[in-house]
Amino acid sequence: MTISNPIGPVDATKVPRYAGLGTFARLPQAENVPDYDVAIVGVPFDGGVSFRPGARFAPSSVREASRLLRPGYHVELGTTPVKKAQFVDGGDLACTPYDNNVAVKQIEEQAAHFVAEGKTVIAIGGDHTIALPMIRATTAVHGPVALLHFDAHLDTWDTYFDQEVTHGTMFRRAFEEGLLIEDRSMHVGIRGPVYDKDDFLRDHEFGFQIIRCSDIDDIGADGATARIKERIGDMPVYLSIDIDVLDPAFAPGTGTPEMGGLHSREILRIIRSLSGLNIVGADVVEVAPAYDHADITSLAAATLIFEMMALLTSE
């Protein structure tokens with residue numbers, strides 16, 4: 001992180017958290033600071049979903065839930081994110097809701113304005129389709145990345161209803177385009193039924209390793225973290241979190257919920273243990289607020305983004 005004397009969020013002891021600026025965690029807007037280290041951007045697109053729509057409304061909902069955060073100090077990691085780096089809210093990347101291919105191109109072009117050497121972008125989806133243009137923009141600067149993917153689903157189908165760009169196909173596209181470092185990428189939290197048992201065979205052919213939720217029952221969060229670090233090493237990492245990696249009890253507001261997911265404490269423990277990884281880009285996706293209750297899912301997503309902020313500034 002390179003910015004000295006960063007401008008922090010609105011002071012919650014002077015302006016209550018339910019009032020004032022509606023940016024993520026009430027951070028300054030990108031246009032109001034001379035430079036930044038990390039930009040948090042919304043990507044309100046859900047044209048790639050295969051079941052319940054509504055993730056286009058996630059950026060505004062997650063921002064609203066983020067008012068509850070106290071971003072000044074992360075207790076477990078012992079870091080003060082907003083004092084160590086300049087975080088900004090970059091607003092939303094606008095795209096058409098009517099054509100997936102056009103939307104993906106628009107997202108990539110706009111994301112490219114924020115991605116640069118020494119800068120990191122965290123995207124608030126939107127459905128998981130948005131990971132493809134975000135990875136394209138990231139690798140244009142940083143080169144191929146190891147993908148660390150938290151999800152209930154593999155997202156490496158070939159097509160869905162003959163469409164090549166959906167929220168279940170984008171990581172196959174990323175692999176085919178040479179954006180991912182082979183044999184360094186992995187899925188965490190996979191569970192539930194699949195259309196064909198060969199889905200797992202094909203996924204392995206794309207160079208992925210899988211930690212299923214049932215594996216975490218046996219090896220625990222610490223065992224999962226050890227496998228992740230051994231697999232990824234010092235490679236540049238793109239961290240992608242589909243909120244449905246959490247059990248529906250902890251994230252009901254999502255498009256394709258699956259029983260038997262991670263508990264909130266489990267994913268927080270794993271994410272907090274990833275310090276030392278070279279994270280060059282990230283997203284949290286698939287929050288569908290209309291199916292939520294009391295902002296449970298939006299708060300989970302906002303908290304995970306704060307965990308990323310802490311990771312990026314921890315020693």
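Conventions and cut-offs
- Residues numbered from 1 in each chain as written.
- Predicted model: local features only at pLDDT ≥ 70, side-chain atom pairs only at ≥ 80, totals over all residues.
- Heavy atoms only, no water.
- Phe/Tyr/Trp six-rings, centres within 6.5 Å; stacked < 30°, edge-to-face > 60°.
- Lys NZ or Arg CZ within 6 Å of the ring centre and 35° of its normal.
- Axes fitted to C-alpha atoms, helices over the stretch in contact; angles between N-to-C directions.
- Helix = DSSP H or I, 4+ residues; strand = E, 2+ residues; numbered from the N terminus.
- Parallel < 35°, antiparallel > 145°, perpendicular 65-115°, else oblique.
- Contact = heavy atoms within 4.5 Å.
- Nonpolar A, V, L, I, M, F, W, Y, C, P; charged D, E, K, R; others polar.
- Core = buried A, V, L, I, M, F, W, Y, C linked by side-chain atoms within 4.5 Å.
- Buried < 20%, exposed > 50% of the residue type's maximum accessible area, 1.4 Å probe, protein only.

Novice: Pulling in residues and values, what's your account of the packing of aromatic side chains?
Specialist: We describe a pair of aromatic rings using the distance from one ring centre to the other and the angle between the two ring planes. Counted according to the given criterion, the structure contains five aromatic pairs. Both rings, one in Tyr 160 and one in Phe 161, keep their centres 5.0 Å apart while their planes meet at 75°; by these two values the pair is edge-to-face. Cluster of aromatic residues (ring-pair linked, three or more members): Trp 157, Tyr 160, Phe 161 and Tyr 195. We note Lys 119 situated over the ring of Tyr 36; from NZ or CZ to the ring centre the distance is 4.6 Å.

Novice: I'd love a proper account of the packing of helix 1 (residues 58-65) against helix 9 (residues 296-313), names of residues and values included.
Specialist: Between helix 1 and helix 9, the shortest axis-to-axis distance is 8 Å and the interhelical angle comes to 75°. By the angle between their axes, helix 1 is roughly perpendicular relative to helix 9. Contacts from Ser 61, Val 62 and Ala 65 of helix 1 reach helix 9 at Ser 298, Leu 299, Ala 301, Ala 302 and Ile 305. Among the residues making up the contact of helix 1 with helix 9, the classes are represented as six nonpolar, two polar and no charged.

Novice: Explain the nonpolar core residue by residue, including any values.
Specialist: One broad trend across soluble globular proteins is that nonpolar side chains are buried collectively. With 53 residues, the main nonpolar core has Phe 24, Leu 148, Phe 150, Ile 228, Ile 241, Ile 243 and Ile 267 as its most contacted residues. Per-element tally for this core: the top contributor is helix 9, with ten residues. Apart from residues no more than four positions distant in its own chain, Ile 228 is found in contact with Leu 148, Phe 150, Met 186, Val 188, Ile 211, Ile 270, Leu 274 and Leu 277. Among the nonpolar cores identified, the runner-up in size contains 35 residues, and Tyr 36, Phe 114, Val 115 and Ile 135 belong to it.

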